[in-house]
Amino acid sequence: MNLNNKRNWDEHIKYVLEQEAIDSKIKDEYIKATQFLEHEFGQNILARDKHEKNNRDERNPKFHPLTNKVFNKAGWQILELIEFANNLKLLKSINCNYNKLKGKILSFDKSIIEGFPFVAVGSSLLRSSFNVKYLDENKTRRTPDIEITNQVNDDLLFVEITSLGESDERNKICGNYNYIRYCFESGVFLPFTGRQKKLIEQEDWKVIFEVIAKAKQDACLYNEIITVSNHPKLEFSVAPLLKFDELKKLSEEIGTNMNNVDGLIVPFDETKRILAKIQDKAQQIPQNKNGLIYIMIHPLAFITMNTPELMTTVIDYIRSFSNILGVVLQTRFTHERQEDVFQEVENHCLSIRVIGDSLYNLSLLIFNHDCNMEIHDSTLRNIQSSIKF
């Protein structure tokens with residue numbers, strides 16, 4: 001699909017209908033989903049884009065996150081779009097302050113960190129027999145995101161939702177990696193290999209560019225492999241095309257990859273950031289009411305962190321918040337197909353839900369045993385059940 005076709009809802013339907021590998025039931029669900037989203041957000045949502053502050057190149061627009069959901073067509077992405085539309089349709093059917101939710105979704109800056117998570121959390125609680133209401137911000141005091149009420153016994157709780165996003169350190173490391181590649185790929189391309197030793201601050205980027213450019217120039221001038229090993233932040237070798245095999249042998253000897261500079265290790269231990277979020281968001285929950293804090297985290301955090309150790313740390317930390325019922329850590333990931341998982345131990349719960357085509361939703365509810373519970377046990381069971389949806 002070209003960009004002009006992508007800006008038309010009907011073209012997306014047409015494309016999916018033409019794919020023989022997609023099941024007919026999925027196709028029917030996709031049609032209903034896209035028609036609902038078009039009705040809610042209009043034709044213009046597919047045409048909305050903005051440009052990064054440092055990138056005014058109109059050939060490289062940044063599309064609205066909802067637009068990207070529609071544009072992406074991997075099997076799991078189609079299923080995710082259908083799920084999103086169904087959840088949104090469910091929330092629209094109740095008195096949930098829907099326009100507030102819709103505004104979160106339409107925002108370029110808030111859709112990923114608030115809009116999409118608001119839909120996922122709200123619909124899961126609604127399916128677990130809670131009434132759900134998105135609250136307007138109060139300019140004079142801190143306000144939770146959602147008010148939920150048990151449909152059977154009228155127990156009332158508040159919910160706060162937040163996302164960790166990328167840390168400043170990870171953003172810097174990724175920015176370093178992308179800039180170093182840009183330096184090597186600018187101008188005449190020559191084979192290269194190397195590794196980064198330390199973080200490069202942005203004020204030093206120009207120097208890095210000049211060092212790499214000079215090495216490339218010397219490699220062409222002298223027809224030799226040029227190695228820079230004494231720079232404090234970076235070591236690398238660059239070679240003329242005729243010396244490719246020699247450079248490849250060198251890269252194998254020193255354990256680096258060809259046409260790549262091995263970047264710094266990206267840290268994914270999110271424990272400190274999770275605790276900081278709990279500290280901040282707990283202030284949003286009224287002191288005389290129970291509340292839940294949902295934190296959306298990077299899937300690699302679950303893979304790289306010691307989950308039992310994280311749970312122990314969070315359990316100890318939330319004891320001082322007597323009104324906080326628990327913390328829910330959520331993420332999505334793709335993996336080999338497996339069955340749904342739900343485990344409950346001492347009111348802590350783990351849910352891994354298969355969405356389909358290798359896409360999973362993972363939720364970890366960490367319960368606060370020192371919470372002054374103002375709710376019935378049945379309400380707690382409903383909350384535990386909600387992370388299955």
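Keep in mind it's a predicted model, so treat the numbers as computed, not measured.

Student: Could you give me a rundown of the layout of surface pockets, with the residues and numbers involved?
Tutor: One number sums up the size of the largest pocket: a volume of about 1,500 Å³. K69, E80, I112, F116 and R332 are the residues nearest the centre of the largest pocket, which is lined by 50 residues in total. Contributions of two or more residues to the lining of the largest pocket are made by β2 (62-63), α4 (65-71), α5 (75-92), α7 (111-126), β11 (324-334), β13 (348-356) and β14 (359-367). A breakdown of the residues in the lining of the largest pocket according to their chemical character gives 23 nonpolar, 15 polar and 12 charged. Looking at the second largest pocket, its volume works out to about 210 Å³. Lining the second largest pocket we find F302, T307, M311, Q343, E344, V345, H348, C349, L350, L362 and L364. Listed by contribution, the elements that provide at least two residues to the lining of the second largest pocket are α13 (307-318), β12 (341-345), β13 and β14. Broken down by class, the residue content of the lining of the second largest pocket amounts to seven nonpolar, three polar and one charged.

Student: I'd love a proper account of the packing of helix α2 (residues 9-18) against helix α3 (residues 24-41), names of residues and values included.
Tutor: For the pair α2 and α3, interaxial distance at closest approach is 10 Å and the crossing angle is 175°. Taken together, α2 and α3 sit at an angle that is classed as roughly antiparallel. Across the interface between the two elements, W9, H12, I13, V16 and L17 from α2 touch K27, Y30, I31, T34, Q35, L37 and E38 from α3. Residues that form the contact of α2 with α3 fall into these classes: seven nonpolar, three polar and two charged.

Student: How would you summarise the pattern of salt bridges if you had to cite specific residues and measurements?
Tutor: Tallied over the entire structure, the rule returns 19 salt bridges. Here K104 ties to E137 by a salt bridge, and the two come within 3.3 Å at their closest N and O atoms. One end of the pair, K104, is in helix α6 (residues 98-106); the other, E137, is in the loop between β3 (130-134) and β4 (146-150), and 33 residues separate them in sequence. What makes K104 buried here is its relative accessible area of 7%. Each member of the salt-bridge network shares a partner with another, and the members are E80, E83, R332 and R353.

Reading the values: the criteria
Sequence order as written defines the numbering, with residues in each chain counted from 1. Reporting of local features is limited, given that this is a predicted model, to residues whose pLDDT is at least 70; pairs of side-chain atoms are given and counted only at 80 or more, and all residues count toward the totals for whole chains, interfaces and linings. Side-chain metrics rest on all non-hydrogen atoms present in the structure, leaving aside hydrogens and water. With a 1 Å grid spanning the protein atoms alone, the term cavity applies to any set of points in which a 1.4 Å probe fits but cannot get out, the term pocket to an open set with protein on both sides within 12 Å along at least five of seven lines, and the term lining residue to any residue with an atom within 4 Å of a point. Grid points are joined across faces, edges and corners, and a volume is the space filled by probe spheres set on the points. Where helices and strands are cited, they refer to DSSP runs of H or I of at least four residues and of E of at least two residues respectively, numbered from the N terminus. For this classification, the nonpolar set comprises Ala, Val, Leu, Ile, Met, Phe, Trp, Tyr, Cys and Pro, the charged set comprises Asp, Glu, Lys and Arg, and every other residue, Gly included, is treated as polar. Between the N-to-C directions of two axes lies an angle of 0 to 180 degrees, each axis being a line fitted to C-alpha atoms and, for a helix, fitted only over the stretch in contact. With respect to orientation, any angle under 35 degrees is reported as roughly parallel, any angle over 145 as roughly antiparallel, any angle of 65 to 115 as roughly perpendicular, and every other angle as oblique. Note on contacts: a residue pair is in contact if any heavy atoms of the two residues lie within 4.5 Å. Salt bridge, as applied in this entry: a Lys or Arg side-chain nitrogen positioned within 4 Å of an Asp or Glu carboxyl oxygen. Accessible area is worked out with a 1.4 Å probe on protein chains only. A residue is then buried under 20% of its type maximum, exposed over 50%, and partly exposed in between.

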